[in-house]
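# Fold and contact review
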Amino acid sequence: MEVLKEKVEEEEAAEREAEAEQAARKAAAEKEESILDRDDLIDLEQKLSEIEVHIPEVPSSIDTSALPESYKTNTAQEKQLLKVADNFAHQYSHLCPDREPLFLHPLNECDVPKFVSTTIRPTLMPYPELYNWDTCADFVSDFLTMVPLPSPIQLVRPEYLFSPTSVLKYQKGNCFDFSNLLCSMLIGSGYDAYCVSGYASQDICLMDLTREVCPLLRKPEEAASQKEKVVPKRYTIKPPKDLRSKFELAQKAKKEAEIAAQEEKKRKEEENKLLELDKPPPDPMHGLRIHAWVLVLCGKREVPESFFIDPFTAHSYGTTDEHFLGIESIWNHKNYWINMQDCWNGCKDLIFDLGDPVRWEFMLFGTDKPYLTMADQEEEEEAADEDDIEILDKEEDKNFDMPLSWVEQIYISAKDFESRCPQGRKVIQYKQCKLEKWAPYLNGNGLVTRLTIYENADCRKVVEVKEWYENREDFLEMRRVDKTTHLTTEYFKPGHFLALREHTYKTMAPETDRSMEFYYDTRVDGLEKRTETPNSMTEYYKDRADYLVYRHVDYGIRLKKFSLNSPDTNPRPMLKITERFDRNLSKLADDDVAERIFVVSDERIQLRYHCRDDYITTSKREFLKRNDVDNKGNKIIMTPDMCVTYEVEPREHTKKLLFQYEMMMNLKNEEKISKHQVWESELEVLEILKTREEEEDTHNLTVSIYDTTRNEKSKGQREALERQAQEEHMRQVEAELDYLAPFLVQLPPGEKLTRWQALRLKDECLNDFKQRLIDKANLIQTRFEKETQELQKKQQWYQENQVTMTLEDEESYLTYCSQAMFRIRILEQRLNRHKELAPQKYLALEEKLYKDPRLIEYLKVFV
Amino acid sequence: MIRLYDTIEPNVIDEELLKLAVEEQGPQEEAGQVAKQEGINFKDVRSLQLDFQNILRIDNLWQFENLRKLQLDNNIIERIDGLDSLVNLVWLDLSFNNIETIEGLDNLINLEDLSLFSNRISKMDAMDTLVKLQVFSIGNNMIDNLLNVIYLRRFPELRSLNLAGNPVCENEDYKLFVTAYLGDLVYLDFRLIDAHTREAGFAKYQYSIYELKHRENQMQYKLEEEKANIAELEKHKAAYVEYLNGSYLFDNLYSDDTEAAKLAYLPGVPELLETYKTKFVSICQNIFDYGLIQQEKRTAEVDLFYECLGEALSDNRDLGLKTINEFEKKHVKMLHDIRNANELQVVDAKMSECAEEISHLFDILMTYEMQLVEQLEESINNFERNIIDMVGTFVENVQGLMAQCRDLENHHHEKLLEISINTLEKIVKSEFDEDLPDDVRALFSDKDTVVNAVGASHDIHLLKIDNREDELITNVSNWCSGIVDKVHTDEHNRNRKRVKEINQYIDHLQNELDNLDFGDLLD
C-alpha cells in the first residue's frame, strides 16, 4: 500500500512538474512569436534548454515490484545478444567515428539493459477497430500522454526504453515509447512495420499541431468535375447570329480581363501574406532534434506504398515528407538495421530496400531479408566482401536468431479501450481551433467531442463551436453553434420518434425563425423540411400519394382579443396558402394542378396547371368566391365571371358552369383541409419544441443491452447468474463432503453426541471406508480373473480347432485376443494403483474425521 | 321475370326518356340548379339508369360516349345491341331480361363488371375482347355444359363469378370443377372460395389441367415463334432486302420457268445450274448484308436527327417557359398595383404600361419562334440532303450487285445455249445416245425451237431480277420521300401550333387586362 501511495504521489508530482514545464515552454513559445527577433531567439532557445533540464527522472515513478522475472533479468541468449550488439556498436563507431552512437540496448524500467528489438512484442489486439494502421495509430496517440525527451538534441540519448506494457499502464511516454507500442501492435496485425530512430522537425518532435488544420475541418478534396466537352452533333442547330459589334466585345473583354488580373494579384498577395504568417519561426536546432516514429513498408496487408506514421499525431506521411530530416537506424522484432545512406536531403532520397547491405547495414545475419531486389548470388558475394563487421561475428552469428521478446503480452482492458485518453479526456490545439475529446459516458450529457473554431490564430474570438454527442436518448448527434449569427443547428440520428434530422434555430420560442428537417421516409406525411419565419411557414414534402411537394403559409398580424392570448386560443390569421404538386402522370397535364393558391383574405382561389410537353404556356384558373345576391334577391350560385380560365387548348366540358361549380365546391373543401393541416403543423412545431426542451433538460443516455457493465438490467442479470453459479458450486462441494451423514442418521436426531458415540461413529466410518476399499479391490480382482480365464479358454479352443479354422475366424480370434489383453492390462494397472492409493485415502479420511467440527471435541484427547 | 309482350306495351328509348333519366339522376340541389340552367350534355353523363322501363331494344345511346355505368336491368331486352359506341363502359347490368345469346359486346374493352343474371343464355361465348373483366354474373340462365366454364380461363382479371341457378349447377362436381379450372377466382356464387375446396378441386382435375396448361403453353409458344419470325421479316422488309438471304430469289427465277426444267435434263446442265446457283445466292447474300448495314446507318441517322431536333425544341421550350415565368411574376405584381391604385391617371398609365409589356412579350416569344424555325429549317435541309444521298448510294450499290446477277444470268444463258446447240447437233447426227423424256426431245426438233426455249427462259429470269430490283428501289425511294415529307409537315404543324398558342395566350392576357379595366370602372 505504501509503495502504491508513494507511486501515486510521485506520479502526481511528475505530472505537476510536466505541466509546469509545458506551461513554461508555452509561455516561452508565445514570447518567441511575439518578439520575432533573430538574435533573441537563440538566447531564448538557450533559456529554454535550461528549463528543460528539470525533467524528472522517469524510472522513479514506476513500480517494478510486480513485474515478472523476464523484466528483471537477462537470459543467456539475451546476454549473448547484448554482447553481439556491443560488438556491433563498437565496430560501427570504429568505422564511422563521426556518426552518433547507436540506440541499441537502453535500460528498461528495472534498470536492466535490453536490446531494442526484443522490446517489441508483436500482439494482435482483440478489438477489430485496432486491426488497421490508421485506427491503431489513432488509439496509441489518444491513449498515451506525450512526454518530451530529456534533451531534444542529439547529445544525450534517452537511456531508458520501457516495455509497452508499462507504457500502457502509466499511459505516458516519449516518442520511443510511442513508436515501440505502435510498432508492436502493427506487426501483430500483420503489417511490415519498423521503429525508426532519426531526426525530425520541431513541430513533429514537440507534437505541436498549431500549424496543422484540424482533420475535422479538412474538406474532402473535390473531385475534379470537368465538364465533358459537348461534341456538336451533325444536326445540332446553329446558334442565332450574333449581331453585336465584335470590336466592342473585344474591348469589353479586355477591360474585364484587366480587372480580373488585378483582383487575382491582390488575392495572391494576401494569400502570400497569410502564408508568411503561417510559417514557423526558424529553428536553431533544425535537423538535430531526435525523434522516433514508425515506418510501414509496402507489401504486407496490401499496403501499396511505404509510409511513415508519426506516433504522436497518428498522421501518416510519405517517405519523402520534409518533416523527417534523417534516419539513424531502424528495427523490428527480428533485426536491426543502420542507415548507411546520406541524409543531407532529409529522407527524400532514401531507398527502403533492407536487403541491400550497402544502404542498410544489418546486425543479425540470416534473418529473413524483406524486400530483396538483387539476385541472390550477388547478394551473398557482397555480403561476404563488404561485411567487415559481420565477419568477426559470423561464426557465432550464423544461426543466431533474435531471442523472443521479454515483454509480456500487451493487454488493453475493454474499459481502457473505451475511455481511450488518460482520464478519458484529451485536448488538442490545432490551427485556429481547439479539439476536445471525452470518453463516452464520461459526460452526463453524452458529449464526446467539442471543436472550437477561432477567428484567427491568436485564439481569442470564438467563431463556431461544434459538439458531438453519443448514446443520447434523443438521438442528438451533433450541435453546431455559430457565434457570429447566433444560429444553433442540431443534427439527429434516425430513430427519434419525431423523425427530426436537423433543427436550426435562434431561440426555442415558437413563431420565430427556425428550420427543421426530417427523415421524410419515416414520417407518414412525407414532410422533409419545414422553415418558419415570424409571419410565414414553408413545408417541403416528398414521395406523397397526392404529389404535394410544397406548402407555404403567410400569416397576418394576430388580432387583439381581450380573452386569453395564447397561441392555442388565438391563432394567427392565415392570409395565403400556396401548395405545389408534382406531375401526376396518370392525369392529363391540363387536369393536373401544379400550383394551388388559396388567398384567404381575398376569397380567391388560383390554380395553375402543369405544362404540357411541347407547350410553353400553362392552363390557369381563378375562382372568386362571392356569395352575392342578385337584384331579384335570389342567391347567385354560379356565374361565368366567378371563374376566369385560360386554357392552352380550349376544351368543351370545362366551359360548363356545372363543371366549374363542382370544381369550386371541391376546392372549398380542400381549402378547409389545407387550413386544418396548417393548424396541425403549428401544433406539431409546438410539440416538438416542448419535447426538445424536456429532452435537453433531462439528457438521458441510452445504454446498449449488450453493455453489461453499464446497463443496470443486464448488470443485475449477469450478477444474478454469477451468484447462482457460485451457490450451485458451493452446494455441490458441501454435498460431497458430508461423509458422516449416513452414520449420523442412525443416531437419534436432535440429541448431543456422547463421547462414546463419537468414537463409535468414527470407527464405524473408518471401517466402512476400509470395507469399501477392500470391496473395490476385490471387484477389480474378480474382473481380472474372469477376463484371464476367458482368455485362457479361448486360447485352448483355438489350439484345438486351429486346423479346421477359416481365415475369418482366425482373424476375429486375434482381434479378441488383443482386446482381452488390453483389458487385462488396464485392470492390472487399476488394481496396482488402487493398492497404492488405498492406504493414503484411509489415512486422509482418518485425519479429516479428527478435524471434523462435529467430532472434534470428543476426539481431541487422542490427538 | 319473363314477361310477355302482349300484356305490356314495350317502351322505346327516346329523347324524352333519356332526358328525364339524366335529369333525375344528375346533380342535385345547387349544382342541380346550375345544371338545369345550362342543360346537361349527354356526352358528359357518366352513369345512366334505365331499369323497369319495359325497354325492348337498346337504342339511341350513341351520344353517351363517356358513359361508365349503364343499368338496363328489369326490361324485356331480347338482344344485346346498340352498345358499340359506349367504349368507356366499365359497369354493365343487363340482368332480368330476355337475352338468349351473348353478342355485341366486342367494343366494350374496358368492361370490368358484367351482369347477365336471369336471362335465357345457354352458352358463354363472344366475349373475347373483354380482357379487363373482373366480376361476371350469369346466374339463373340455361347453361348446361360444364366444359363451357373453360371459356372463362381467358380473363386473367376475373375474380368473382356467379353461375348459381343454371342447370350446370346440379352437377355434383360443379364447384370443384370451377375452382380447379379458374385458379384465380376468389368468389364463386358470391361466396369466398375456401382453401379446402380449392385443394380438392385441384387434386381432382390436376392432370386434365396440366394437359390444358401444356396445350395453352404450346399455343403461346407457337404464337411467339410466329411473332418473332414476323418481326424478323419486318426488319428485313424495313431494310428492303426481304427474302434475299438464301436461295429464295433464285428459286423464284425458276418457279414459273417450264423450259428451264426441261433443259435441265441435258448433260452438263445440272452442274452448270449448281455453280450458277451458288454464285447467284452469294451475290444475293451480299445485297442482303449490305442492305441491313445500310438500314442501320439510316436508322442511326434518323435517330440522331430526332435527338438533335428534340434538344433544340426542349431548349426553345425552356427559354419560352422562362420568359413567360418572368413575365408572369411582373404581370401579377402590375395587376395588383392597378387594382390597388385609386387615381384614374395612375391606373391609365399603368394600364398602358401593362399593355406594352404584353406586346413586348408577344414580340419576344415570336422572335424565339422565328429563330427556331430558321435554325430548324437549316438543320432539316441538311438532314434531307444527307438522307437522300444515303439512299442514292444504297440504290447505286444495289444496282451494281444486281448487274452482277444479270451478268451471271447472261453467262449462264450463253453456256446453256451452247450446250443446247451441241445437243441438237448431236441429236441431228444421231450421236446422242442418252434417254430424254419425250417433251424434252420435242424441243430439239429444230434450232429455232431450242433457241426460243432457252431465250424464253432467259427473258423470264431477267424480268424477275429486274422486278426485284425495281421493287427495292421504289420502296426505298418511297421511304425516303416519306420521311422527308413527314419531317417537313411535323415542323410546319409544330410552328402553327406554337404560333397559335402564343396568340391565344396574348389574347387571354389582353382580355384579362380589359376585363380588369371594366370591373374597376364599375366599382
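Cut-offs used in this document
- Residues numbered from 1 in each chain as written.
- Chains lettered and ligands numbered in written order.
- Predicted model: local features only at pLDDT ≥ 70, side-chain atom pairs only at ≥ 80, totals over all residues.
- Heavy atoms only, no water.
- Phe/Tyr/Trp six-rings, centres within 6.5 Å; stacked < 30°, edge-to-face > 60°.
- Helix = DSSP H or I, 4+ residues; strand = E, 2+ residues; numbered from the N terminus.
- Buried < 20%, exposed > 50% of the residue type's maximum accessible area, 1.4 Å probe, protein only.
- Lys NZ or Arg CZ within 6 Å of the ring centre and 35° of its normal.
- Pairing = 2+ DSSP bridges.
- Axes fitted to C-alpha atoms, helices over the stretch in contact; angles between N-to-C directions.
- Contact = heavy atoms within 4.5 Å.
- Core = buried A, V, L, I, M, F, W, Y, C linked by side-chain atoms within 4.5 Å.
- Salt bridge = Lys/Arg side-chain N within 4 Å of Asp/Glu carboxyl O.
- Polar contact = N/O pair within 3.5 Å; in protein donor to acceptor, adjacent residues only side chain to side chain.
- Nonpolar A, V, L, I, M, F, W, Y, C, P; charged D, E, K, R; others polar.
- pLDDT = per-residue confidence, 0-100.

### Some remarks on the packing of aromatic side chains
This model, assessed by the stated rule, comprises 36 aromatic pairs over all chains. The interplanar angle of 75 degrees and the centroid separation of 5.5 Å between the aromatic rings of A:W293 and A:F308 together place this pair among those described as edge-to-face. Of this pair, A:W293 sits in strand 4 (residues 290-297) while A:F308 sits in strand 5 (residues 307-310), placing them 15 residues apart in sequence. Like A:F308, A:W293 is buried. A centroid spacing of 5.6 Å and a plane angle of 65 degrees characterise the contact between B:F96 and B:F117, whose relative ring orientation is edge-to-face. Of this pair, B:F96 sits in the loop between strand 3 (91-93) and strand 4 (113-115) while B:F117 is found in the loop between strand 4 and strand 5 (135-137), placing the two residues 21 residues apart along the sequence. The partly exposed category is assigned to B:F117, whose relative accessible area is 21%. Three or more aromatic residues joined by ring pairs make a cluster, and in this case those are A:W293, A:F308, A:Y317, A:F324, A:F352 and A:W360. If you follow A:R523 out to its NZ or CZ, it ends over the ring of A:F518, 4.6 Å from the centre. When the ring centre of A:W797 is taken as reference, the NZ or CZ atom of A:K794 above it lies at 5.5 Å.

### Remarks on the sheet that holds strand 6 (residues 315-318) of chain A
Residues and elements named next belong to chain A. Read from one edge to the other, the open sheet built from seven strands follows the order 6-5-4-3-7-8-9, with strand pairing classed as antiparallel. Edge positions in the sheet fall to strand 6 and strand 9 (360-362), since each has one partner strand and no second. Across this sheet, the average inter-strand angle for adjacent strands is 35 degrees, counted without regard to direction. With six bridges connecting them, strand 3 (residues 192-200) and strand 7 (residues 324-331) associate as antiparallel partners. Paired with V196 across the strands is I330, a residue of strand 7. Sitting on the sheet, helix 4 (residues 76-95) touches strand 7, strand 8 (336-339) and strand 9, and the angle it makes with strand 8 is about 10 degrees.

### As for the sheet that holds strand 3 of chain B
Residues and elements named next belong to chain B. Across the sheet, which stays open at both edges, the eight strands sit in the order 1-2-3-4-5-6-7-8 with mixed pairing between neighbours. Single-partner strands in this sheet number two, and they are strand 1 (47-49) and strand 8 (191-192). The sheet contact formed by strand 5 and strand 6 (residues 160-162) spans three bridges and is parallel. From the neighbouring strand, S137 faces strand 6, where its bridge partner is N162.

### A short note on the side chain of B:D73
Residues and elements named next belong to chain B. Residue placement: D73 occurs in the loop between strand 2 (69-71) and strand 3. Overall, D73 belongs to the buried group, its relative accessible area being 10%. In this structure D73 touches L50, D51, F52, D93, S95, F96 and N97, once residues within four positions along its chain are discounted.

### A few points about the nonpolar core
Among the nonpolar cores identified, the biggest contains 63 residues, and A:Y336 and A:M363 are the most heavily contacted of them. Tallying contributions element by element places helix 8 (residues 175-188) of chain A first for this core, with nine residues.

### Concerning the interface of chain A and chain B
Counting from both sides, the interface comprises 31 residues of chain A and, opposite them, 41 residues of chain B. Between chain A and chain B we count one salt bridge in total. For A:K620, the salt bridge goes to B:E328, with nearest N and O atoms at 2.9 Å. If you look at where chain A meets chain B, you find six residue pairs in polar contact (both at pLDDT 80 or more). Looking at the side of chain A that touches chain B, the elements with two or more residues in it are strand 25 (643-646) and helix 14 (657-698) of chain A. Here the element with the most residues in the side of chain A that touches chain B is helix 14 of chain A; it accounts for four residues. The residue makeup of the side of chain A that touches chain B, split by class, is 15 nonpolar, four polar and 12 charged.

### Quick notes on the confidence of the model for chain B
On average, residues of chain B score 87 in pLDDT, and 97% of them are at 70 or above. Confidence metrics for the complex model read pTM 0.66 and ipTM 0.74.

### Examining unusual backbone geometry
Its identity is not glycine, yet A:E511 carries a phi of approximately 60 degrees, on the positive side. Using a relative accessible area of 22% as the deciding quantity, one classes A:E511 as partly exposed. Residue B:Y243 is not a glycine yet carries a positive backbone phi of 65 degrees. Residue placement: B:Y243 occurs in the loop between helix 4 (195-238) and helix 5 (248-255).

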